[in-house]
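Reading the structure
As a plain string of letters, each chain reads:
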Amino acid sequence: MDALKTITEGCMKTEKPAFNVGDTVRVDVRIKEGERERIQAFEGTVIAKRHGGVAETFTVRRMAYGVGIERVFPVNSPFVEKVTVVRKGKVRRAKLFYLRSLTGKAAKVKSDI
């Protein structure tokens, strides 16, 4: 049991980004293309956070050319460089899956000032 605990602690990041569901975030992801690496930004609304510990993930949704795009990012992944909170959101749900069926202004999350 102690060996499992040390393995999981070794895989986890020391400082986790502080954001909640409903926040608009910019996730910097390291992309490997052949032998070269670059950083790509993915900005959108956090619609879900799952689990805890090593397998903790969060889902970010954005609209591009009228099409909804969702990406699931592991919090402890070495490919996730940093998560920057662009805007705080005010929501009353833990999962915002209802945003999938909304379009335009209805799909906006109110800002928490």
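It should be noted that the structure appears before, not after, this text.
Below: a short report on this structure. (Residues numbered from 1 in each chain as written. Predicted model: local features only at pLDDT ≥ 70, side-chain atom pairs only at ≥ 80, totals over all residues. Heavy atoms only, no water.)

**Regarding the side chain of Thr57**
- With respect to the secondary-structure elements, Thr57 resides in strand E3 (residues 57-64).
- Not counting the four nearest positions on each side in its chain, Thr57 is found in contact with Ala48, Lys49, Arg50, Val72, Phe73, Pro74 and Val75. (Helix = DSSP H or I, 4+ residues; strand = E, 2+ residues; numbered from the N terminus. Contact = heavy atoms within 4.5 Å.)

**Describing unusual backbone geometry**
- In this model, Tyr65 sits at a positive phi of 55 degrees, which is unusual for a non-glycine residue.
- Here Tyr65 is to be found in the loop between E3 and strand E4 (67-74).

**Overview of the pattern of salt bridges**
- Taken as a whole and judged by the stated rule, the model has seven salt bridges.
- Residues Glu43 and Arg26 are paired through a salt bridge, measuring 2.8 Å at the closest nitrogen-oxygen approach. Pair noted here: Glu43 is in strand E2 (residues 36-50) and Arg26 is in strand E1 (residues 24-33), with a separation of 17 residues, a long-range link.
- Between Glu37 and Arg30 there is a salt bridge; the shortest N-O distance is 3.8 Å.
- According to the relative accessible area criterion, Glu37 is partly exposed, its value standing at 47%.
- Classification of Arg30 as partly exposed rests on a relative accessible area of 26%.
- One network of salt bridges, with partners in common, ties together Arg30, Glu37 and Glu81. (Salt bridge = Lys/Arg side-chain N within 4 Å of Asp/Glu carboxyl O. Buried < 20%, exposed > 50% of the residue type's maximum accessible area, 1.4 Å probe, protein only.)

**Considerations on the packing of aromatic side chains**
- One pass over the structure, following the stated rule, counts three aromatic pairs.
- An angle of 65 degrees between the planes, with centres 4.8 Å apart, marks the rings of Phe19 and Phe58 as edge-to-face. Of this pair, Phe19 sits in the loop between helix H1 (2-11) and E1 while Phe58 sits in strand E3, and the two are 39 residues apart along the sequence. Per residue, the accessibility class of Phe19 equals that of Phe58, and both read buried.
- Aromatic rings pair up to connect Phe19, Phe42, Phe58 and Phe73 into one cluster.
- If you follow Arg71 out to its NZ or CZ, it ends over the ring of Phe42, 5.6 Å from the centre. (Phe/Tyr/Trp six-rings, centres within 6.5 Å; stacked < 30°, edge-to-face > 60°. Lys NZ or Arg CZ within 6 Å of the ring centre and 35° of its normal.)

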